[in-house]
Amino acid sequence: MKNVLYTVFIFMLFQSVLLAQKNSEDYFGAWYTLGINHRFTEQFSLTPYAELRLYKPTSNYNLTFASLNGNYHFKKNQTITVAYAYLDIDSVFDIDNVPNTIEHRILEQYAIKHNFKSLNIQHRFRFEQRFLEKTAGNELQNRFRYRLSLQYPINKTVYLALKDEGFINFQDQVFHENRFFVGFGVHILKNTQLHIDYLKHHIRNNSLNRIQIGLSIKTDSRKPKTSTAQQ
């Protein structure tokens, strides 16, 4: 009887330890974003962008992302982009003393938009060169990303949004990541949008649930077009 009680005690202790060992899949994390697009001319615009990712909604730091995109609008619905991004990445869910991974990223992108009745459709194709500074040494990784975005306006203020983005890695695990977003956006000001999305993030062997909350702001310094009245 004593041995049985001892075995039950050890089993219960083992179970409690397992339950205490939470990881990033056990929490509903958050991504907070801010993007500002400033149009200088008909052909050229700049987009500063910032992103903060947390393993929990308001705590447990994961990643900081900051980028500056230069955009060339060579057609009304088509854009070529070149950008530089800086990332500070903590890939460990729990508190640790391991230095964060630093990434310097260069990307090249082509985007095209079109409409199907009231549905707004965008295709985005992106190549990335990732210069990673890790404790074990520096590393260069290359990958390709394709994102399909759909937006459907409910009215002049609110729209529904759906996005799916697949990643192709040119190194070890080829199909290593996919991001699926579904949510809505609100035009809170004339040139400002608030968007809230649920994100299902598959990355390597993890399946993460995240909420993304962001602001998109558009500014414009182009001179307004004027027309001479016929007399």
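Quick notes on the rules
Residues numbered from 1 in each chain as written. Predicted model: local features only at pLDDT ≥ 70, side-chain atom pairs only at ≥ 80, totals over all residues. Heavy atoms only, no water. Helix = DSSP H or I, 4+ residues; strand = E, 2+ residues; numbered from the N terminus. Buried < 20%, exposed > 50% of the residue type's maximum accessible area, 1.4 Å probe, protein only. Polar contact = N/O pair within 3.5 Å; in protein donor to acceptor, adjacent residues only side chain to side chain. Pairing = 2+ DSSP bridges. Axes fitted to C-alpha atoms, helices over the stretch in contact; angles between N-to-C directions. Contact = heavy atoms within 4.5 Å. pLDDT = per-residue confidence, 0-100. Core = buried A, V, L, I, M, F, W, Y, C linked by side-chain atoms within 4.5 Å. Phe/Tyr/Trp six-rings, centres within 6.5 Å; stacked < 30°, edge-to-face > 60°. Lys NZ or Arg CZ within 6 Å of the ring centre and 35° of its normal.

1. Looking at unusual backbone geometry
Note on backbone geometry: most residues besides glycine have negative phi, and most peptide bonds are trans. Phi angles above zero are rare outside glycine, and Lys117 is one such case at about 55°. Tracing the backbone shows Lys117 in the loop between β5 (101-116) and β6 (119-134). In the Ramachandran plot, Arg204 falls in the positive-phi region, its phi being about 55° despite a non-glycine side chain. As for its position among the elements, Arg204 is in the loop between β10 (192-203) and β11 (206-220).

2. What to know about the side chain of Arg105
Within the fold, Arg105 resides in strand β5. Taking the relative accessible area as the measure of exposure, Arg105 reaches 5% and is therefore buried. For Arg105, the side chain forms a polar contact with the side chain of Glu128, separated by 3.3 Å.

3. Topic: the sheet that holds strand β9 (residues 177-189)
The strand order around the closed barrel formed by 11 strands is β1-β2-β3-β4-β5-β6-β7-β8-β9-β10-β11, and the pairing between neighbours is mixed. Adjacent strand axes in the sheet meet at a mean angle of 20°, parallel and antiparallel pairs treated alike.

4. Concerning the environment of Asp90
Assignment of secondary structure puts Asp90 in the loop between β4 (78-89) and β5. Considering only alpha carbons, one finds Asp90 and Leu54, 36 residues apart in sequence, at a separation of 9.8 Å. In this structure, Asp90 is in contact with Tyr55, Tyr61, Asn62, Asp96 and Asn100, ignoring residues within four places of it in sequence.

5. Quick word on the confidence of the model for the chain
On average, residues of the chain carry a pLDDT of 88, and 87% of them reach 70 or more. The model gives residues 1-21 a pLDDT under 50, and that stretch makes 1 contact with residues more than four places away or in other chains.

6. Side note on the nonpolar core
Ranked by size, the top nonpolar core spans 5 residues in total: Leu63, Phe65, Ala85, Leu87 and Ile89. Ranked by residue count, the leading element in this core is β4, at 3 residues. Among all residues touching Leu87, those that are not within four sequence positions of it are Leu63, Thr64, Phe65, Thr101, Ile102, Glu103 and Arg105.

7. Observations concerning the packing of aromatic side chains
Overall, the coordinates contain 10 aromatic pairs when judged by the stated rule. Aromatic pair Tyr27 and Phe93: ring centres 5.3 Å apart, planes at 25°, arrangement stacked. Pair noted here: Tyr27 is in the loop between α1 (2-20) and β1 (28-39) and Phe93 is in the loop between β4 and β5, with a separation of 66 residues, a long-range link. Overall, the relative accessible area of 27% leaves Tyr27 in the partly exposed class. Arranged with centres 5.9 Å apart and planes meeting at 25°, the rings of Phe40 and Phe44 form a pair that is stacked. When its relative accessible area of 36% is taken as the criterion, Phe44 is described as partly exposed. The structure contains a cluster of three or more aromatic residues connected by ring pairs, namely Tyr72, Phe74, Tyr110, Phe125 and Tyr146. Sitting over the ring of Trp31, Arg53 keeps its end group 3.8 Å from the ring centre.

8. Some words on the side chain of Asn69
On the secondary structure map, Asn69 appears in strand β3 (residues 61-75). Polar contacts involving the side chain of Asn69 include one to the side chain of Ser67, which spans 3.4 Å. Ignoring sequence-local partners within four residues, the contact set of Asn69 consists of Ser45, Leu46, Thr47, Thr81, Val82 and Ala83.

9. Quick look at the pairing of β9
Strand direction decides the pairing type here: strand β8 (residues 158-169) and β9, joined by 10 bridges, are antiparallel. What sits directly across from Leu162, in β9, is Val182. Pairing analysis gives 12 bridges linking β9 to β10, with the strands arranged antiparallel. Note on β10: the bridge partner recorded for Phe181 is Leu199. Connecting β9 to the antiparallel partner β10 that follows it, the hairpin turn spans 2 residues.

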